[in-house]
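# A look at the structure
If you want the building blocks of each chain, they are given just below.
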Amino acid sequence: MSPRCLRNPGISGSGSRGVSLDLYDEYLSNHVFMKELIDYIPKEQTERLMDLFSKARKHSEPIYSDSERYFRQLMKVIGEKESIDGNLLTCMKRDELESYFKNGNMPKLEVLKDRFNYSVVLYKDDTEYILTGQNAENIDTVITESNITNVDHIKGTTGYKGLVKGICRIIVDPYKYEIFNEGDILVTGMTRPEFIPLMKKAAAFVTDAGGMLCHAAISAREMKKPCIVGTEIATKVIKNGQIIEVDANNGIVKVI
């Protein structure tokens, strides 16, 4: 975790709690709390507080990228040591990683490959389950099937108003995609700082997840580009390469 992600990252006032707990508390207040609250307060207060809340979110946003870079580099080092693809090691659970550090044990290679190819993490009665393969696909279908029956348009929350038409480009990984031209429309699950180069070229953004203070919405307001977030099913309904209309004035996406 980079100190630049959070203000006052020093030990001052931490006492026996330690620096990491102080950083965690600050992350919760600046990132998680702000993101959730803004979607539930009255409109007049939203307009008054948006700038302050946005600054708090942008202040803590880099923690995602910094943490991911650190974690991926760590998995790369472990992978080189164990002669295993570091990408597969990113699918280890926390207790499995702790077990590796303590005892040198890790899941079987086949298990990691199954998780990497297709997996769903399910929590039931405080117990965590990782489903893979067809079981994972079944869960995915159950979650989304009720929302994608006879859909002729998609609704979401407006991040920034505007109306544009363009070619849909569904991008799952900002580092792995075949084509993305100037003026294309970025459609993805959610964005993070690594998506910025694509967002600068895009005419608009559409995401499955997110609210008024998600990365996509904040970036859209800064770039002044139409944006609709929280559609839940955009990546399921829209096909890559289709011409779509993003009516961010009304929070609606249509296939032309």
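Let me begin by describing the structure that accompanies this report. (Residues numbered from 1 in each chain as written. Predicted model: local features only at pLDDT ≥ 70, side-chain atom pairs only at ≥ 80, totals over all residues. Heavy atoms only, no water.)

Along its length, the protein chain carries 10 helices and 10 strands. Partitioning the contacts of the protein chain with sequence separation of at least 6, the portion at a separation of at least 24 is 47%. Accessible surface, the protein chain: about 15,200 Å² in total, of which carbon and sulfur atoms supply 52%. (Helix = DSSP H or I, 4+ residues; strand = E, 2+ residues; numbered from the N terminus. Contact = heavy atoms within 4.5 Å. Areas by Shrake-Rupley, 256 points an atom, 1.4 Å probe, with all protein chains shown as cover.)

A full pass over the atoms with the stated rule returns one aromatic pair. With a centroid separation of 5.9 Å and 55 degrees between ring planes, the pair formed by Tyr-100 and Phe-101 is classed as tilted. The exposure class assigned to Phe-101 is exposed, which follows from its relative accessible area of 52%. (Phe/Tyr/Trp six-rings, centres within 6.5 Å; stacked < 30°, edge-to-face > 60°. Buried < 20%, exposed > 50% of the residue type's maximum accessible area, 1.4 Å probe, protein only.)

Applying the stated rule across the entire model yields zero disulfides. Free cysteine Cys-214: the closest other cysteine sulfur is in Cys-227, separated by 6.1 Å. Judged by relative accessible area, which is 10%, Cys-214 ranks as buried. (Disulfide = S-S within 2.5 Å.)

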